[in-house]
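# Working through the structure, step by step
The lines below spell out each chain.
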Amino acid sequence: MAKTEVTMPIDPLKVIKKDISYSGKKLGARKIIAINFDEDADILYVKFSHSKIVDTEPLDKKGLVAASLDSSKEIAGLVIMEASRFSE
């Protein structure tokens, strides 16, 4: 089997950690099931579950961090705008 290497211009786990501390919110332990980074838009999408997203709630005052909520109002993912700002 061929070995595949994937690279991103940012470290998504570092961004998530800084982003959560920036927002001042506690998410508790979450298992990440998918990460997608749109380099052109500088947006990091993090998915914690396969639930259908029905709402979004800002987690910070500037609107850079938003929680994607499922029908039970549980956090199913995060949308992080200006993600590269959190990678430094």
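Residues numbered from 1 in each chain as written. Predicted model: local features only at pLDDT ≥ 70, side-chain atom pairs only at ≥ 80, totals over all residues. Heavy atoms only, no water.

## Comments concerning the nonpolar core
Ranked by size, the top nonpolar core spans 17 residues in total, and within it Val15, Leu44, Val46, Ile80 and Ala83 carry the most contacts. When residues of this core are traced back to their parent elements, those giving at least two are α1 (12-23), β2 (43-47), β4 (65-69) and β5 (75-81). Once you skip the residues sitting within four places of it in the chain, valine 15 turns out to touch Ile10, Leu44, Ile80, Ala83, Phe86 and Ser87. (Core = buried A, V, L, I, M, F, W, Y, C linked by side-chain atoms within 4.5 Å. Buried < 20%, exposed > 50% of the residue type's maximum accessible area, 1.4 Å probe, protein only. Helix = DSSP H or I, 4+ residues; strand = E, 2+ residues; numbered from the N terminus. Contact = heavy atoms within 4.5 Å.)

## Focus: unusual backbone geometry
Notably, aspartate 42 is not glycine yet its phi reads approximately 60°, a positive angle. Phi at lysine 73 is positive, roughly 65°, even though this residue is not glycine. Inspection of the secondary structure assignment puts lysine 73 in the loop between β4 and β5.

## Observations concerning the pattern of salt bridges
The tally for this structure, following the rule as stated, stands at 2 salt bridges. The shortest N-O distance in the salt bridge between aspartate 55 and lysine 73 comes to 3.3 Å. Of this pair, aspartate 55 sits in strand β3 (residues 55-58) while lysine 73 sits in the loop between β4 and β5, and the two are 18 residues apart along the sequence. On the basis of relative accessible area, aspartate 55 is assigned to the partly exposed category, the value being 34%. Between arginine 85 and glutamate 82 there is a salt bridge, and its shortest N-O distance comes to 3.3 Å. Judged by relative accessible area, which is 36%, arginine 85 ranks as partly exposed. For glutamate 82, a relative accessible area of 39% corresponds to the partly exposed category. (Salt bridge = Lys/Arg side-chain N within 4 Å of Asp/Glu carboxyl O.)

## A look at the confidence of the model for the chain
Low-confidence regions, as indicated by low pLDDT, have predicted coordinates that should not be scrutinised in detail. When the pLDDT values of the chain are averaged, the result is 80; 74% of them are 70 or greater. Within the chain, α1 has the poorest average pLDDT of any element, 66, and β3 the best, 92. (pLDDT = per-residue confidence, 0-100.)

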